[in-house]
Amino acid sequence: MRAIVMREFGGPEVLRLEDTPEPEPRAGHSLVKVSLAGINYADVHVRGDTYLAPVELPYVPGNEVVGTVDGGRRVVGLTRGGGYAERALLHRRVTWDVPDGISDEQAVALALQGNSAWHLLFTSLRLTKGETVVVPAAAGGVGSLAVQLAARAGAKVIGLAGSAEKRKLAEELGAHAVVDSSAEDLTERILEAAGGPVQAALEMTGGATFARTLAAVAPRGRLAVYGFAGGELANVPTRDLMERSLTVSGFWLPQLYGDRAALPTSMRALFDAVADGSLKPLTGAAYALGEAARAHHDLAARTPTGKLALDVAR
């Protein structure tokens, strides 16, 4: 079969199309014929050897796929690598039938990014109606879904985005206000947009952006960290946490893979929301399998909007 194989860590050029053996059968897993392989910022960390879980080379990246099993049944699921390929193994606990009326492009946006957005808001932050929440990268994969889910739950959403085009899109998705994520006075802009300190915030950039976002959180507020896309890990100010009784939590979706209830609950909620039109995954460009390097280059440049994927049939 064809697959994208990494034999070294580095830039997008390390993603090379090769012929490889199909995955060997494993207990509790199904072999899926992949239609689309989702591309996520976590894949950039894997490629650069900065991912939370170390990987051994050679390695086939990709953590979510949509495809068919058993001669045609459509499924979407999560993998621990191996997704950028014509065939992949999916464990039954993290595989879900795709309902009629939901496209492959919509489904692949929900497995990793949709579940992450849902659990960041409702498991980590415990967001409730009437609260104000900051959502970074509000026009991105996780962010665009989080904006919609939070607004749908009755929260006031303050989005962060780096361009005027992306800020406009975040407002269209339901954000109450959107501010420039690159502004040095980010804290003040969040406070002005929210009308005061916020009860909850998401953070995925790290460095100065972490500190500026945390400074906008009200006493007894909560902040959930799920990345460091800026490349700089944040230093958590312990004294400030104690003085303001702040809660800072970390989030990594694979910690929920073994939970028998968490992901089935969120996937059912996500499918239902897409079906009734209250959640609209932003579908973006689909690249040919052999164009994985170009897809990673575009993702790192943060120019495209919508869910990026590899069309494995191409």
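Everything quoted here is computed from the prediction, not taken from an experiment. (Residues numbered from 1 in each chain as written. Predicted model: local features only at pLDDT ≥ 70, side-chain atom pairs only at ≥ 80, totals over all residues. Heavy atoms only, no water.)

Novice: Please explain the side chain of Gln148 as it appears in this structure.
Specialist: With respect to the helices, strands and loops of the structure, Gln148 is situated in helix α3 (residues 141–152). With sequence-adjacent residues up to four places away left out, Gln148 is seen in contact with Leu173, Ser278, Leu279 and Lys280. (Helix = DSSP H or I, 4+ residues; strand = E, 2+ residues; numbered from the N terminus. Contact = heavy atoms within 4.5 Å.)

Novice: In this structure, what is going on with the sheet that holds strand β10 (residues 177–180)? I would like to understand it.
Specialist: Backbone hydrogen bonds hold the strands of a sheet together, and the pairing may be parallel or antiparallel. Strand order in the open sheet made by the six strands is β10-β9-β8-β11-β12-β13, with parallel pairing throughout. The outermost strands of the open sheet, each flanked by one partner alone, are β10 and β13 (247–250). Taken over all neighbouring pairs, the strand axes of this sheet differ in orientation by 20 degrees on average, direction set aside. Bridge analysis of strand β8 (residues 132–135) against strand β11 (residues 198–203) gives two bridges, and the strand direction is parallel. Each residue of the ladder has a partner; that of Val134, found in β11, is Ala201. Along the sheet, helix α6 (residues 207–214) contacts β8, β9 (156–161), β11, β12 (217–225) and β13; its crossing angle with β12, the most-contacted strand, is approximately 145 degrees. (Pairing = 2+ DSSP bridges. Axes fitted to C-alpha atoms, helices over the stretch in contact; angles between N-to-C directions.)

Novice: Explain the packing of helix α2 (residues 104–124) against helix α8 (residues 262–275) here, please?
Specialist: Packed helix pairs are specified by the crossing angle of their axes together with the interaxial distance, meaning the distance between the axes. Axis separation between α2 and α8 bottoms out at 9 Å; the angle between their running directions is 120 degrees. In terms of axis orientation, α2 runs oblique to α8. Crossing handedness for the pair α2 and α8: right-handed. Where α2 approaches α8, its residues Gln106, Leu110, Ala111, Gly114, Asn115, Trp118 and His119 are matched on the opposing element by Ala262, Leu263, Thr265, Ser266, Met267, Ala269, Leu270, Phe271 and Val274. Grouping the amino acids of the contact of α2 with α8 by side-chain chemistry returns ten nonpolar, six polar and no charged. (Parallel < 35°, antiparallel > 145°, perpendicular 65-115°, else oblique. Left-handed = near helix turned anticlockwise from the far one by under 90°. Nonpolar A, V, L, I, M, F, W, Y, C, P; charged D, E, K, R; others polar.)

Novice: Hey, could you run me through the packing of aromatic side chains in this one?
Specialist: Two measures describe an aromatic ring pair: the distance that separates the ring centres and the angle between the ring planes. Following the criterion strictly, the structure yields two aromatic pairs and no others. Between the aromatic rings of Tyr51 and Trp252, the centroid separation amounts to 5.9 Å while the plane-to-plane angle is 70 degrees, which identifies the pairing as edge-to-face. Of this pair, Tyr51 sits in the loop between α1 (41–47) and β4 (64–69) while Trp252 sits in the loop between β13 and α8; the two residues are 201 residues apart in sequence, bridging distant segments of the chain. Residue class for Tyr51 comes out partly exposed when judged on its relative accessible area of 22%. By relative accessible area, Trp252 is classed as partly exposed at 24%. (Phe/Tyr/Trp six-rings, centres within 6.5 Å; stacked < 30°, edge-to-face > 60°. Buried < 20%, exposed > 50% of the residue type's maximum accessible area, 1.4 Å probe, protein only.)

Novice: Explanation requested: the pattern of salt bridges in the structure shown.
Specialist: Opposite charge on two side chains lets them pair, provided their charged atoms get close. Evaluated as defined, the whole model comprises 18 salt bridges. The salt bridge partner of Glu18 is Arg7, with a shortest N-O separation of 3.0 Å. One end of the pair, Glu18, is in strand β2 (residues 16–19); the other, Arg7, is in the loop between β1 (2–5) and β2, with eleven residues separating them in the sequence. The partner of Arg74 in a salt bridge is Asp104, with the nearest N and O atoms 2.7 Å apart. Of this pair, Arg74 sits in strand β5 (residues 73–78) while Asp104 sits in helix α2, and the two are 30 residues apart along the sequence. Because the salt bridges share partners, they merge into one network encompassing Glu291, Arg294, Asp298 and Arg314. (Salt bridge = Lys/Arg side-chain N within 4 Å of Asp/Glu carboxyl O.)

Any link to function would need more than the numbers given here.
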